[in-house]
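# Secondary and tertiary structure notes
Next come the chains, spelled out residue by residue.
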Amino acid sequence: MLWSDTVNKSPKKIRPYVNLSAAYIGEKDLERAEKILFKTTDVFRDVIFSGNIYYLGAAVDIFINFASLYGLKGDLVRVAEFLNKAYEIYPDSAKVNYALGFFYMQLGDIEKAEDYFKKALNFSADPLIYARYSEIMEIKGRYDDALKYMSLAVELDPLNADTRNRLGILLKMSNRTEDAEIQWREAISIDKNFLPAYTNIGSLMYERGRLKEAYKLYMKAIEINAFYYEAYIGAGNALDDMGQNVLATEMYRSAISIDPQRIEGYVNLGIALEKAGKKEEAIKTYEEALKIEQDNKEVLQKIWRLKG
């Protein structure tokens, strides 16, 4: 049965309204979502603000759905308004504290984000909260804590490829490259199409000088997603180091075509063109890079050197 049918047949039950609004938000049908949310708050206003434990979870979800709706509209003032309403009626909710933590994290207010995530963890040992809290620790440069909390997230949700990938990154930052590789390979075993793990292992193989293995991993990522910028850069680097300069330039050109606003593709292409003896073409490529970052000293020095 559709949630809309449930709403029509059970007009006095709040949860179908909540679920229907969430469904519309998921479909990016913001007009319908807003309409059903306002109808819900109108019909159930008394119970939403009654403090009745039976309705508390649904009431919180209504305000969080409002926040999600206005987040998609880019109205941050109203996002804050509805998240704070959710907090007012249920300050001990892990879901509400997590939502506020994520909101402030997006705003770059790391101290507030940390406070709310910490409160959320007091109410729920949720792997997603541990993962977000780990990100906060990483931003603050507390890498041991970041590793600790991401490890807890993986322990609680071992089949989450994204969390394993992030744990691998933190392990590599701690120079535990073998452990990092294990996590990335686990991520691939969980999700064969999980692109970041392929490029992360590829980078590891590249650093170890195992260029053919690195190239194969990058190409596997490209096979999965032909528009994956990082894989083209990695494949180009591996080919360039293997002496396959022409193929390397093709990879860099592909990366540039995918995202012409990122400087790395131009710089790497310029270096490859220099190696191929194509001085004028290399200069033009570096000049394209300067259109993205006008004061890039590395690129300026390359142009001055080539122009002699």
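Residues numbered from 1 in each chain as written. Predicted model: local features only at pLDDT ≥ 70, side-chain atom pairs only at ≥ 80, totals over all residues. Heavy atoms only, no water.

### Overview of the packing of helix H12 (residues 177-190) against helix H13 (residues 195-207)
For any two helices packed against each other, one specifies the crossing angle of their axes together with the interaxial distance. Selection criterion: Only C-alpha atoms enter the line fits that serve as axes; for helices the fit covers just the stretch in contact. Angles between N-to-C directions range over 0 to 180 degrees. Per the convention used, a helix needs a DSSP run of H or I reaching at least four residues, while a strand needs a run of E reaching at least two, with both numbered from the N terminus. Orientation is classified from the angle alone, with under 35 degrees giving roughly parallel, over 145 giving roughly antiparallel, 65 to 115 giving roughly perpendicular, and any other angle giving oblique. It is the rotation of the near helix from the far one that decides the hand of a crossing: anticlockwise by less than a right angle makes it left-handed, clockwise makes it right-handed. The contact criterion used throughout is that any non-hydrogen atoms of two residues lie within 4.5 Å. Throughout, the ten residues Ala, Val, Leu, Ile, Met, Phe, Trp, Tyr, Cys and Pro are labelled nonpolar, Asp, Glu, Lys and Arg are labelled charged, and all others, Gly among them, are labelled polar.
The interhelical angle for the contact between H12 and H13, taken along N-to-C directions, is 150 degrees, at an axis separation of 9 Å. By the angle between their directions, the pair H12 and H13 is classed as roughly antiparallel. In terms of crossing hand, the pair formed by H12 and H13 is left-handed. Between H12, through Thr-177, Glu-181, Trp-184, Arg-185, Ala-187 and Ile-188, and H13, the contact on the second element is made entirely by Ala-197, Tyr-198, Asn-200, Ile-201, Leu-204 and Met-205. Partitioned by chemical class, the residues of the contact of H12 with H13 number 8 nonpolar, 2 polar and 2 charged.

### Some words on the nonpolar core
Convention followed: We define a nonpolar core as any set of buried Ala, Val, Leu, Ile, Met, Phe, Trp, Tyr and Cys residues linked to one another through side-chain atoms lying within 4.5 Å. Burial here depends on accessible area, computed with a 1.4 Å probe over protein chains only, as a share of the maximum for the residue type. Under 20% is buried, over 50% is exposed, and the range in between is partly exposed.
In terms of nonpolar packing, the biggest core is built from 99 residues, with Phe-66, Leu-69, Leu-83 and Val-299 touching the most fellow members. Dropping the residues within four chain positions of it, Leu-83 is found in contact with Ile-64, Ala-67, Val-96, Ala-99, Leu-100 and Phe-103.

### Comments concerning the packing of aromatic side chains
Applied cut-off: Any pair of Phe, Tyr and Trp rings, taking the six-membered ring for Trp, is counted once the centres come within 6.5 Å. Such a pair is stacked with planes under 30 degrees apart, edge-to-face with planes over 60 apart, and tilted for the rest.
A full pass over the atoms with the stated rule returns 13 aromatic pairs. Geometrically, the ring pair formed by Phe-103 and Tyr-104 is edge-to-face, given 5.2 Å between the ring centres and 70 degrees between the ring planes. With respect to class, Phe-103 is no different from Tyr-104; both count as buried. Between the aromatic rings of Tyr-104 and Tyr-116, the centroid separation amounts to 5.8 Å while the plane-to-plane angle is 5 degrees, which identifies the pairing as stacked. Here Tyr-116 lies in helix H8 (residues 110-123) and Tyr-104 lies in helix H7 (residues 94-107), a separation of 12 residues in the sequence. Here Tyr-104 falls in the buried class, since its relative accessible area comes to 12%. The exposure class assigned to Tyr-116 is buried, which follows from its relative accessible area of 15%. Grouped by ring-pair contacts, the aromatic residues Phe-38, Phe-63, Phe-66, Tyr-70 and Phe-82 constitute a single cluster.

### Quick word on the pattern of salt bridges
For clarity, the cut-off: Basic side-chain nitrogens of Lys or Arg form a salt bridge, by our definition, when they fall within 4 Å of a carboxyl oxygen of Asp or Glu.
Taken as a whole and assessed by the stated rule, the structure comprises 26 salt bridges. Put simply, Asp-162 and Arg-166 hold a salt bridge, and the shortest N to O gap is 2.8 Å. Of the two residues, Asp-162 and Arg-166 are both situated in helix H11 (residues 161-173); the distance of 4 residues between them amounts to about one turn of the helix. In this structure, the salt-bridge partner of Glu-281 is Arg-253, at a minimum N-O distance of 2.6 Å. One end of the pair, Glu-281, is in helix H18 (residues 279-292); the other, Arg-253, is in helix H16 (residues 245-258), with 28 residues separating them in the sequence. By relative accessible area, Glu-281 is classed as partly exposed at 32%. Classification of Arg-253 as partly exposed rests on a relative accessible area of 39%. One continuous salt-bridge network, built from bridges that share partners, spans Glu-111, Glu-114, Lys-118, Lys-140, Arg-142 and Asp-145.

### Observations regarding the confidence of the model for the protein chain
Going by this rule: Confidence per residue, as judged by the predictor, is encoded in pLDDT with a range of 0 to 100.
Mean pLDDT over the protein chain works out to 92, with 96% of the residues at or above the 70 mark. Counting contacts from residues 1-11, a segment whose pLDDT is below 50, to residues more than four positions away or on other chains yields 14 contacts.

### Quick notes on the side chain of Ser-21
Applicable threshold: N or O atoms within 3.5 Å of each other form a polar contact, as long as, within protein, one can give a hydrogen and the other can take it, and as long as residues adjacent in sequence are counted only when both atoms are side-chain atoms.
Mapped onto the elements, Ser-21 comes out in helix H2 (residues 14-26). A polar atom in the side chain of Ser-21 sits 3.0 Å from the side chain of Asn-65. In this structure Ser-21 touches Ala-33, Ile-36, Leu-37 and Asn-65, once residues within four positions along its chain are discounted.

### Concerning the environment of Ala-67
Structurally, Ala-67 is set in helix H5 (residues 53-73). By relative accessible area, Ala-67 is classed as buried at 7%. For the pair Ala-67 and Phe-227, spaced 160 residues apart in sequence, the C-alpha separation works out to 32 Å.

### A few points about the layout of surface pockets
Quick note on the threshold: The rule is simple: put a 1 Å grid over the protein atoms alone, call a set of points where a 1.4 Å probe fits but cannot get out a cavity, call an open set with protein on both sides within 12 Å along at least five of seven lines a pocket, and count a residue as lining if it has an atom within 4 Å of a point. Grid points are joined across faces, edges and corners, and a volume is the space filled by probe spheres set on the points.
Estimated volume of the largest pocket: approximately 270 Å³. For the largest pocket, the lining is made up of 13 residues, of which Gly-71, Val-79, Phe-102, Phe-103 and Gln-106 are closest to its centre. When contributions to the lining of the largest pocket are tallied by element, the ones reaching two or more residues are H5, helix H6 (76-89) and H7. Tallied by class, the residues present in the lining of the largest pocket amount to 10 nonpolar, 3 polar and no charged. Of the pockets and cavities examined, the second largest pocket occupies roughly 200 Å³. Lining the second largest pocket are Thr-199, Ser-203, Tyr-206, Tyr-218, Tyr-228, Tyr-229, Glu-230, Ile-233, Gly-234, Asn-237, Arg-262 and Glu-264. Mapped by element, the contributors of at least two residues to the lining of the second largest pocket are H13 and helix H15 (229-241). The leading source of residues in the lining of the second largest pocket is H15, at 5 residues.

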